[in-house]
Amino acid sequence: MRKVGLLFAAVPVLITAGVYFLAPSDDSAAQNGTSVEQLARDEAKAKAEGDSSADDKAIAALPPGLAAPAKKDLAQRIVSTSAFSSLDWRRSYGAIEDSGDGTGYTAGVVGFCTGTHDLLVLVENYTKSHPDNALARYLPALRKVDGTASHEGLDPGFTAAWKAEAQVPAFRAAQDAERDNVYFDPAVRLAKLDGLGTLGQFIYYDAMIYHGPDSSPNGFYGVRERALKKADLPSEGGSERAYLDAFLDVRRAAMLAKKANADTSRIDTAQRRFLNEGNLGLTTPLTWQVYGETFKVP
């Protein structure tokens with residue numbers, strides 16, 4: 001997936017804090033080891049935490065939506081049909097290949113990439129608690145190829161090491177945790193704050209995985225900002241279907257901007273189909289097509 005930019009994905013409300021660099025009237029701040037700048041940062045932090053707490057309370061009052069265990073499993077199954085042409089998403093823990101899209105090796109449960117930073121973060125975090133894992137020896141190479149399509153220092157053993165480590169329950173759990181922390185939880189949280197139901201939450205999640213949690217024009221937050229210019233959010237009184245339709249339009253254009261001949265069936269014959277059917281709750285049974293193949297969940 002795309003590299004995480006300098007954006008706090010878990011906090012969808014942007015907060016601007018003014019920091020004034022003023023000389024203190026006395027030396028009390030210095031005596032206490034606290035600068036005026038630090039006090040300003042503390043005040044901004046407290047404000048951010050307060051806003052986050054209010055959002056948490058609002059979300060807690062809502063239905064679980066995509067975060068419900070059965071719906072979350074359904075989300076992984078739908079994503080897996082786009083990534084691996086299979087409903088069995090648990091097979092993807094050990095999957096690894098270079099698809100030739102410029103992001104190096106793509107591996108694991110949501111397609112962590114050697115060229116887009118998230119695979120490196122996953123292995124670094126996992127190695128902190130499991131230092132003797134089979135992937136630890138490749139950390140220097142992973143840091144070197146980060147941001148590129150290169151395999152330097154990874155071939156020929158990295159793919160075999162990944163597949164072997166994917167048999168370890170702790171590494172599977174680490175993949176799940178990184179998926180939730182970087183992609184699932186921020187996407188579902190923001191979707192709920194935007195007033196979206198379960199389908200909208202899935203649409204955000206799939207876009208977060210594919211486009212990456214960054215604010216570039218074709219990153220997830222960039223796509224969302226462009227969609228906001230076309231339709232109002234449900235949380236602001238807009239039509240949920242109209243907003244999701246606009247979001248999918250912008251997202252499809254972003255996919256084609258990245259790759260002119262990109263297959264957009266994950267939108268055209270899957271998510272758009274659910275939306276056109278009015279299935280805002282993403283309720284089963286479901287039937288959709290990806291890459292021309294039909295999938296069904298009873």
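Residues numbered from 1 in each chain as written. Predicted model: local features only at pLDDT ≥ 70, side-chain atom pairs only at ≥ 80, totals over all residues. Heavy atoms only, no water.

## Quick word on the overall build of the protein chain
Right, so step 1: A count of helical and extended segments in the protein chain gives 11 helices and five strands.
Right, so step 2: Looking at the protein chain as a whole, 45% of its 298 residues qualify as buried.
Right, so step 3: A fraction of 59% describes how many contacts in the protein chain between residues 6 or more apart in sequence connect residues 24 or more apart.
Right, so step 4: Carbon together with sulfur atoms contributes 54% to the accessible area of the protein chain, which is approximately 14,400 Å² in total. (Helix = DSSP H or I, 4+ residues; strand = E, 2+ residues; numbered from the N terminus. Buried < 20%, exposed > 50% of the residue type's maximum accessible area, 1.4 Å probe, protein only. Contact = heavy atoms within 4.5 Å. Areas by Shrake-Rupley, 256 points an atom, 1.4 Å probe, with all protein chains shown as cover.)

## Looking at the pairing of strand β4 (residues 286-290)
Right, so step 1: Of the two faces of β4, the one holding Leu286, Trp288 and Val290 is buried and the one holding Thr287 and Gln289 is not buried anywhere.
Right, so step 2: What sits between β4 and strand β5 (residues 293-297) in their antiparallel hairpin is a turn of two residues, with Tyr291 showing a positive phi close to 55 degrees. (Pairing = 2+ DSSP bridges.)

## Re the nonpolar core
Right, so step 1: Of all hydrophobic cores here, the largest spans 71 residues; its most connected members are Phe158, Trp162, Tyr204 and Tyr205.
Right, so step 2: When residues in this core are grouped by element, the largest group, nine residues, is from helix α7 (residues 169-193).
Right, so step 3: Residue contacts for Trp162: discarding those within four places in its chain leaves Tyr93, Gly94, Ala95, Ile96, Ala107, Gly108, Leu119, Leu122, Val123, Leu135, Phe171 and Gln175. (Core = buried A, V, L, I, M, F, W, Y, C linked by side-chain atoms within 4.5 Å.)

## Topic: the packing of aromatic side chains
Right, so step 1: Taken as a whole and judged by the stated rule, the model has 14 aromatic pairs.
Right, so step 2: Ring geometry for Tyr105 against Phe158: centres 6.2 Å apart, planes inclined by 35 degrees, an arrangement best described as tilted. A residue pair is termed long-range when its members are at least 10 positions apart, and Tyr105 in the loop between β1 (96-97) and β2 (106-107) and Phe158 in helix α6 (residues 158-165) qualify at 53 residues. Taken individually, Tyr105 and Phe158 each receive the classification buried, so the pair is uniform in this respect.
Right, so step 3: An angle of 55 degrees between the planes, with centres 6.2 Å apart, marks the rings of Phe220 and Phe247 as tilted. Pair noted here: Phe220 is in helix α9 (residues 220-228) and Phe247 is in helix α10 (residues 240-258), with a separation of 27 residues, a long-range link. (Phe/Tyr/Trp six-rings, centres within 6.5 Å; stacked < 30°, edge-to-face > 60°.)

## Thoughts on the confidence of the model for the protein chain
Right, so step 1: For the protein chain, the average pLDDT comes to 87, and 83% of its residues sit at 70 or higher.
Right, so step 2: Low confidence marks residues 2-34, where pLDDT is under 50. Its contacts with residues over four positions away, or in another chain, come to 44 contacts. (pLDDT = per-residue confidence, 0-100.)

## Comments concerning the packing of helix α8 (residues 198-211) against α10
Right, so step 1: Running from amino to carboxyl end, α8 crosses α10 at an angle of 15 degrees, the nearest separation of the two axes being 11 Å. Classified by the angle their axes make, α8 and α10 are roughly parallel. Between α8 and α10 the crossing geometry is left-handed. When α8 is examined against α10, the residues Gly200, Ile203, Tyr204, Asp206, Ala207, Tyr210 and His211 are found in contact with a partner set consisting of Tyr243, Leu244, Phe247, Leu248, Arg251, Ala254, Met255 and Lys258.
Right, so step 2: Taken together, the residues of the contact of α8 with α10 sort by class into 10 nonpolar, two polar and three charged. (Axes fitted to C-alpha atoms, helices over the stretch in contact; angles between N-to-C directions. Parallel < 35°, antiparallel > 145°, perpendicular 65-115°, else oblique. Left-handed = near helix turned anticlockwise from the far one by under 90°. Nonpolar A, V, L, I, M, F, W, Y, C, P; charged D, E, K, R; others polar.)

## Examining the sheet that holds β1
Right, so step 1: Within the open sheet, the three strands sit side by side as β1-β2-β3. Their pairing is antiparallel. Strands with a single pairing partner mark the edges of an open sheet, and in this sheet they are β1 and β3 (112-113).
Right, so step 2: Note: β1 against β2, two bridges, orientation antiparallel. Note that in β2 the partner of Glu97 across the bridge is Thr106.

## Section: the packing of α9 against α10
Right, so step 1: One can describe the packing of α9 onto α10 by two numbers: an axis separation of 9 Å at closest approach and a directional angle of 130 degrees. Relative to α10, α9 is oriented oblique. Note on packing geometry: the crossing formed by α9 with α10 is right-handed. Every residue of α10 that contacts α9 at Phe220, Val223, Arg224, Arg226, Ala227 and Leu228 is listed here: Tyr243, Ala246, Phe247, Val250, Arg251, Ala253 and Ala254.
Right, so step 2: Of the residues contributing to the contact of α9 with α10, the split by class is 10 nonpolar, no polar and three charged.

## Regarding the environment of Gly94
Right, so step 1: Looking at the secondary structure, you find Gly94 in the loop between α3 (69-84) and β1.
Right, so step 2: A relative accessible area of 18% places Gly94 in the buried class.
Right, so step 3: It is 8.9 Å that separates the C-alpha atoms of Gly94 and Arg172, two residues lying 78 residues apart in sequence.
Right, so step 4: Once residues within four sequence positions are removed from consideration, Gly94 is found in contact with Trp162, Lys163 and Ala166.

## Let's talk about the pairing of β5
Right, so step 1: Pairing of β4 with β5, which is carried by five bridges, proceeds in the antiparallel orientation. Bridged to Trp288 within β5 is Phe295.

## As for helix α11 (residues 265-276)
Right, so step 1: By the burial criterion, the buried members of α11 are Ser265, Arg266, Ile267, Ala270, Gln271, Arg272, Phe274 and Leu275.
Right, so step 2: The inward-facing, buried residues of α11 abut α3, α8, α10 and β4.
Right, so step 3: At the exit of α11 stands Gly278, carrying a positive phi of roughly 75 degrees.

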